[in-house]
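# Coordinate analysis (summary)
Now for the letters of each chain:
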Amino acid sequence: MTITAVPVIKNGSLMVQGKVVLTGVPDNVVVSPVSPVSAFIGAGSTSPSSHHVFNLGILEDYKFMCLFIAKIWWMIPRVGKSASEIPKETQMLLLEIGEESVVDVVDHDEVQTRENKLYVLVLPMLDGAFRTTLQGTPSNELQFCYESGDPDVRTAEAMEGVFVSSGDNPFELIKDSIKILANHKGTFSHLENKKVPAHLDWFGWCTWDAFYTDVTPKGIKDGLQSFKDGGISPKFLIIDDGWQETTNEFQKEGEPLIEGTQFATRLTDIKENSKFKASESDSLKELIHYIKQNYGLEYVYMWHALAGYWGGVLASSEALKKYNPKIEYPVQSPGNIGNIRDIAMDSLEKYGVGVVDPQKVFDFYNDMHRYLADSGVDGVKVDVQNLLETLGSGYGGRVSITKKYHEALDESVEKNFRDNNLICCMCHNSDSIFSSKKSATARASEDFMPNEPSFQTLHIASVSFNSLLIGEIVVPDWDMFHSDHNTAEFHGAARALGGCPIYVSDKPGKHDFNILRKLVLPDGSILRARYAGRPTRDCLFVDPVMDGKSLLKVWNLNKITGVVGVFNCQGAGSWPMKQAPESVENSTLKATSIVGRVTPLDVEFLEDIAGERWTGDSAVYAFTSGTLSRVSKNGGVEVCLGILQCEIFTISPIKVINESIEFAPIGLINMYNSGGAVEECIVNDKIRIKARGSGLFGAYSSIKPSYCKIDKQDEEFTYNSENGLLTINLQSESSFKEIEFVY
């Protein structure tokens, strides 16, 4: 039998590389090859409709991880073993199909069992005016839902609804698939082809949790002064919700608030409200000029919703009537209604949304953004984006209206702001993801919620898993956190290796500068890792929040080193729509500490930065414990963590000098992402390192060097012969230092 990589249907089964993935495939299901390893799966119906549900076949007894929209705005992950566990609104499905084989012998005569695994990616796509999602049935049928969101946009055929591909590396598989689809569909771009906003590499502050909608110029100045007094000033600022001119037309003066109408509040003007416009000399423009001059800010972003505000724009507003606004009443998809209903959407269904005419939406954005740019604003955070999926009726459907708004937004941002300065938010539906042509950063999960103890672990798990998909299209933004919070270390460590921006929403005077100094260099820059932080391969199909036994490991790469963060997310929260396993639920002795193992193999593509002569050995530095270990490629170090505890491991491939001396740079060992400080390491008869920042710089060395120089000046160093830890203090204020070790 010939085994092909392209998915095919044989004898009623979907076959991928000779493996049966689905059985009982109906006769109306068809496969159309896209590349040598991938295909679209489609289906036909006897009658046209705006909403179809097609059966694909039976899926059983394969480990899976999926990402689904639990509540209209955000995705969360789910793991399981059969289709009955796949929720509605699933937007990505990754299967693991493998045979166990013993391939490696590791230290201490241990036999490490690794599996010869095949990974199958199933991605529901946009197909013309239609959007596809996956869902399972109690009888383990895998289905795809195909909908336009407009009763007048109908079809009987869904030929390119579901994309299927396979490979032996899940991370390469997802990346390659997104590139194939971006090229084939033409509706979105891979991150590699986008301009990334410059603010990502600098420390920031967002006003949201500090003030909510009560933000004022005085509050902003007080907050910036508070940071300045502590010696760490943000370089970018997001002035969040609260600056715009809005009205709640359902709220009568002197009467109590009608619950729900706050979500229907509408925009009445593109300019700032009276809090920011006390006089001609006390305006938004004057505020931005003042705070840039006095606090060293490089980037100021303003918040607005994709529709203008939560309830859109006021249709009767004189200032906005040129955009032809019209009250429309949202209609949610059956998938959203079948998962978790959202109070904001329920309210908007009742009170309506003031929708800017899609033909006028570029003018709307352009006028607003031009005004903001003239005021000194550098970019925008555009929120509440998934709202558009409910407003497709009469506008060609949900995909069509989303595409028009996104194109207009991209064009306006490009015209009015430098560096593609746009942050997208509440935009996790595939309508937005696969309409992202230019936008290059987006929030990765629901908000950090400081007053919700049970949300902290879910947040870290969600951002890392969601980054598997969105991290190929945008730089995932893991959201702000609070430096002065009982989970600050947990959140700060995660952001340090997330490849994401690092910003807080501290109230003025409420800061922990000890946490911030582990994240921010003296010049206000951060040690941002190269890619989106994602779960390690051995964590992809486990539940790090509710199975009671698994730690979450997140990997990333710097220029010269790898990094793995380990987080105990168990015992402090539960996923929505999921019951804890009976074994965990009934356990009277729930583990407070969990033991795990970290190995250089956890860092994907480590060999790419290690160089051709790498022997496979690495130096592994644990940030919290301060321990340094020399580890073989297949070896590892043990870690034991209590609830809401974490540890970060810098993994540095060992370089060999003169065939006898071993050396590996670690970086700034008092920073969470230590290795992010190593820009370059050249090895010949001596070691030359280009390093960023200041503080204690560490390295592994098998013997003590003869001497050390920093910027060509002799410098003292310390050496621990027991573990090989070599340290030197980088004291100068310059951003980059040249370090030289001679043996």
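Residues numbered from 1 in each chain as written. Predicted model: local features only at pLDDT ≥ 70, side-chain atom pairs only at ≥ 80, totals over all residues. Heavy atoms only, no water.

Each helix and strand counted, the protein has 14 helices and 44 strands in total. Over its C-alpha atoms the protein spans a radius of gyration of 27 Å, differing by no more than 12% from the 27 Å that the globule rule assigns to 743 residues. Within the protein, residue pairs in contact and separated by at least 24 positions form 74% of the contacts whose partners lie at least 6 positions apart. Element-wise, carbon and sulfur atoms account for 46% of the exposed surface of the protein, whose accessible area totals about 28,300 Å². (Helix = DSSP H or I, 4+ residues; strand = E, 2+ residues; numbered from the N terminus. Rg over C-alpha atoms; globule rule 2.2 N^0.38 Å. Contact = heavy atoms within 4.5 Å. Areas by Shrake-Rupley, 256 points an atom, 1.4 Å probe, with all protein chains shown as cover.)

As summarised here, the arrangement of the five strands in space is β35-β36-β39-β43-β42, forming an open sheet in which the pairing is antiparallel. Because the sheet does not close on itself, it has two edges, and the strands there are β35 (655-657) and β42 (718-720). Put simply, the sheet's adjacent strands are angled 30 degrees from each other on average, direction ignored. The pairing of β42 with strand β43 (residues 725-730) spans three bridges and is antiparallel. Bridge pairing links T718 to T727 in β43. (Pairing = 2+ DSSP bridges. Axes fitted to C-alpha atoms, helices over the stretch in contact; angles between N-to-C directions.)

Look at helix α8 (residues 398-416): 27 Å from first C-alpha to last across 19 residues, which is about the 27 Å you get at 1.5 Å a residue. Restricting attention to buried positions, one finds in α8 the residues R398, V399, I401, T402, Y405, H406, A408, L409, D410, S412, V413 and N416. (Expected span 1.5 Å × (residues − 1). Buried < 20%, exposed > 50% of the residue type's maximum accessible area, 1.4 Å probe, protein only.)

For the rest of this paragraph, the subject is the packing of aromatic side chains. Centre-to-centre distance and the angle between the planes together describe a pair of aromatic rings. If you walk through the whole model with that rule in mind, you get 24 aromatic pairs. A centroid spacing of 5.0 Å and a plane angle of 90 degrees characterise the contact between W208 and Y212, whose relative ring orientation is edge-to-face. Three or more aromatic residues joined by ring pairs make a cluster, and in this case those are F54, F130, F144 and Y146. The side chain of K221 reaches across the aromatic face of Y290, ending 4.6 Å from its centre. Across from the ring centre of F736, 4.8 Å away, lies the NZ or CZ of K690, which sits over that ring. (Phe/Tyr/Trp six-rings, centres within 6.5 Å; stacked < 30°, edge-to-face > 60°. Lys NZ or Arg CZ within 6 Å of the ring centre and 35° of its normal.)

Turning next to the packing of helix α7 (residues 361-374) against α8. In contact at an axis separation of 9 Å, α7 and α8 are set at 30 degrees when each is read in the N-to-C sense. The pairing of α7 with α8 is recorded here as roughly parallel in orientation. For α7 against α8, the interelement crossing comes out right-handed. The residues of α8 that touch α7, namely those facing V361, F362, Y365, N366, H369, R370 and A373, are K404, Y405, A408, L409, E411, S412, V413, K415 and N416. (Parallel < 35°, antiparallel > 145°, perpendicular 65-115°, else oblique. Left-handed = near helix turned anticlockwise from the far one by under 90°.)

A rise of 1.5 Å per residue sets the reference length of helix α10 (residues 456-470), with its 15 residues, at 21 Å; its end C-alpha atoms lie 21 Å apart and thus fit the reference within 8%. Buried residues dominate α10, accounting for 15 of its 15 residues.

Bringing the environment of M671 into the picture now. Looking at the element boundaries, M671 is found in the loop between β36 (661-668) and β37 (678-683). Residue classification places M671 among the buried positions, given a relative accessible area of 5%. With residues up to four places along the chain from it excluded, the contact list for M671 reads R517, K518, L519, V520, L521, L527 and F623.

It is worth spelling out the packing of α10 against helix α11 (residues 488-497) at this point. For the pair α10 and α11, interaxial distance at closest approach is 11 Å and the crossing angle is 5 degrees. By the angle class used here, α10 and α11 are roughly parallel. Note on element contacts: α11 touches α10 through F490, H491, A494 and R495, opposite Q456, T457, H459 and I460. Here the contact of α10 with α11 is composed, by residue class, of three nonpolar, four polar and one charged. (Nonpolar A, V, L, I, M, F, W, Y, C, P; charged D, E, K, R; others polar.)

Another point: the pattern of salt bridges. Scanning the entire structure with this criterion turns up 43 salt bridges. For the salt bridge of E160 with K185, the shortest nitrogen-to-oxygen distance reads 3.1 Å. Of this pair, E160 sits in strand β14 (residues 155-167) while K185 is found in helix α1 (residues 170-185), placing the two residues 25 residues apart along the sequence. Exposure remark for K185: the relative accessible area of 19% places this residue in the buried category. A salt bridge links E192 to K175; its shortest N-O distance comes to 2.8 Å. Placement of the pair is E192 in the loop between α1 and β15 (203-206) and K175 in helix α1, with a sequence separation of 17 residues. We classify K175 as partly exposed; its relative accessible area is 26%. Ionic contacts of the salt-bridge type, sharing partners, join the residues E89, R131, E147, E389, R398 and D431 into one network. (Salt bridge = Lys/Arg side-chain N within 4 Å of Asp/Glu carboxyl O.)

Here is the idea: a disulfide is a covalent bond, and it sits between the sulfur atoms of two cysteines. With the rule as written, the count across this model stands at zero disulfides. Lacking any disulfide linkage, C145 is separated from the closest cysteine sulfur, that of C66, by 15 Å. You can see C708 has no disulfide; the closest cysteine sulfur is in C681, sitting 13 Å from it. (Disulfide = S-S within 2.5 Å.)

All right, on to the nonpolar core then. By size, the foremost hydrophobic cluster in this structure holds 193 residues, and its most contacted members are W73, M92, L93, I220, F364 and F567. Apart from residues lying up to four places away in sequence, M92 is in contact with M65, C66, L67, L121, V122, L123, P124, I174, L468 and L469. With 24 residues, the next largest nonpolar core counts I657, F663, A677 and I728 among its residues. (Core = buried A, V, L, I, M, F, W, Y, C linked by side-chain atoms within 4.5 Å.)

In the predicted model, the protein carries a mean pLDDT of 95, and 96% of its residues have values of at least 70. Here residues 100-113 is a poorly scored stretch, pLDDT under 50, and it has 24 contacts once near neighbours within four places are set aside; other chains count. (pLDDT = per-residue confidence, 0-100.)

Here we take up unusual backbone geometry. Residue V384 is not a glycine yet carries a positive backbone phi of 55 degrees. In this structure, F605 is a non-glycine residue whose phi angle is positive, near 65 degrees. Relative to the helices and strands, F605 resides in the loop between β30 (593-598) and α14 (606-610).

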